[in-house]
Amino acid sequence: VTKPIAKPEPADDWSEPEQLVDTLDLPLGYKAELVEGTIIIRPTASGGRLSVKMSFTRQFFRHGWDGVMVGLATPTGKFVPDLTVVDPGYWENDPGKGWLIPDRIAMVMDVTSSDALVDRGLRRQGYAAAGIPLYLFVDRRRKETVLFGKPEDNDYTVSVWRPISEPIPLPEPFSFTLEGFTT
Amino acid sequence: MQDVMERPSVTDEQHSPGSEEFLDSLDLPPGFKAELIEGDIVVTPAPDEEHEGYFAGVNRQLSARGWWLSGTYGLVTPLGKFQPDLTVARREFFARREHKSYRSPDGVALVVEITSSNPSNDRDSKRRGYARAKIPLYLLIDRKAERTVLFSEPTQGDYAVADRQPIGEPIPLPEPFAFTLEDYLA
């Protein structure tokens, strides 16, 4: 007698985007994000974009910071930044699985060339609304970096534009200077 | 003769062939639709009642004047694979057989988008995509902004003309329609 395989009952209403974003079966190298009720699926960093991301990741490691890719639940959406920077003690208070509440994140970074979400500011506003103190946006298309700081309400109040190759001084708690990206 | 080599652009990660294949294989609950918009796969949930009310209201008036239309037609544009809320054309357009899930927009007379919770793509990427596909008319029913915009005269990268009306007001449609959409919410 073959036992019927119990099909797990859906835990919740899977017709809602909030549930679907967690249950989508994505191929390797893709991430799903949720903004304004719409799920956006895009490739994670590869090629030149990954090269830029790793260049910055190595520098954070050298200065004692951890850089990881995790999902963040912000007030305006669920985002997966290319890099989320935390101090190594972050992991002792296990944040658990799934979308993290970004209350102890030191900084996030996205490397992109033309990300519609970035262009419209939705991603940046989500990070700011979550109170993430710093957001580094590396724009490969315009060959520049933008460091956003001092989040208030739903956006950052300070932004510093630099050519992509120029060093980026980081404020407290980092107090070191990121070397710019050179090809 | 010199072969022109396309240099890989910095937007390479947006056009990985994987995204297109993945779009077709995506397993979604009923009512959800998936589109490829400027390299992102965008998944939109099933529309609400008001959305369908606008759909039905516009549909009814166009059908009554001999136009054929679809609510699930997939169109290939220079900026992605879109599925307009309404694709309006002559009968001959729908008689074509390309045997693909997303097809050429040649022959489409009008596309209509009715915004949902996230109007950004309808307002921006899809507008530019439809213009670059040379679709002569794009009607945006923007519920969040409470207005309608009729875009016309597609040029190189965008529509040259945008006629705005408060939502619910009559929308005069130019040739080849030459009638006014009225009372289009159920």
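Everything below is about the structure printed above this text.
Residues numbered from 1 in each chain as written. Chains lettered and ligands numbered in written order. Predicted model: local features only at pLDDT ≥ 70, side-chain atom pairs only at ≥ 80, totals over all residues. Heavy atoms only, no water.

1. Notes on the sheet that holds strand S8 (residues 134-139) of chain A
Residue and element names in this part refer to chain A. In spatial order, the strands read S3-S6-S7-S8-S9-S10; together these 6 strands make up an open sheet with mixed pairing. Each edge of the sheet is formed by a strand with only one pairing partner; in this case those strands are strand S3 (66-68) and strand S10 (155-163). Across this sheet, the average inter-strand angle for adjacent strands is 20 degrees, counted without regard to direction. Strands S3, strand S6 (83-86), strand S7 (107-112) and S8 of the sheet are contacted by helix H2 (residues 47-62), whose axis makes an angle of about 155 degrees with S7. Sheet strands in contact with helix H4 (residues 122-129) are S7, S8, strand S9 (144-152) and S10, and its direction is about 125 degrees off that of S10. (Pairing = 2+ DSSP bridges. Helix = DSSP H or I, 4+ residues; strand = E, 2+ residues; numbered from the N terminus. Axes fitted to C-alpha atoms, helices over the stretch in contact; angles between N-to-C directions. Contact = heavy atoms within 4.5 Å.)

2. Section: the environment of Gly89 of chain A
Tracing the backbone shows Gly89 of chain A in the loop between S6 and S7. The class for Gly89 of chain A is partly exposed, based on a relative accessible area of 27%. (Buried < 20%, exposed > 50% of the residue type's maximum accessible area, 1.4 Å probe, protein only.)

3. Things to note about the pattern of salt bridges
Two side chains bearing opposite charge may form a pair once their charged atoms approach each other closely. Tallied over the entire structure, the rule returns 20 salt bridges over all chains. Here Arg62 of chain A makes a salt bridge to Glu179 of chain A, at a shortest N to O gap of 3.8 Å. You can see Arg62 of chain A sitting in helix H2 and its partner Glu179 of chain A sitting in the segment after strand S12 (177-178), a full 117 residues away along the chain. Classification of Arg62 of chain A as exposed rests on a relative accessible area of 57%. With a closest N to O distance of 3.6 Å, Glu98 of chain B and Arg96 of chain B form a salt bridge. Residue Arg96 of chain B is classed as partly exposed on the basis of its relative accessible area of 32%. Residues joined in a network through salt bridges with shared partners are Glu35, Glu113, Asp122 and Lys126 of chain B. (Salt bridge = Lys/Arg side-chain N within 4 Å of Asp/Glu carboxyl O.)

4. Thoughts on the layout of surface pockets
All names here are of chain B. Considering only enclosed or pocket space, the largest pocket measures out at about 390 Å³ in volume. Residue lining of the largest pocket: 25 residues in total, with Lys33, Thr44, His51, Asp85 and Ser116 positioned closest to the centre. For the lining of the largest pocket, the elements supplying multiple residues, two or more each, are strand S1 (33-37), strand S2 (40-44), helix H2 (49-64), strand S7 (108-114) and helix H4 (120-123). Of the residues belonging to the lining of the largest pocket, the class tally is 7 nonpolar, 11 polar and 7 charged. (1 Å grid on protein atoms, 1.4 Å probe; cavity = no way out; pocket = protein on both sides within 12 Å on 5 of 7 lines; lining within 4 Å. Points joined across faces, edges and corners; volume = space filled by probe spheres on them. Nonpolar A, V, L, I, M, F, W, Y, C, P; charged D, E, K, R; others polar.)

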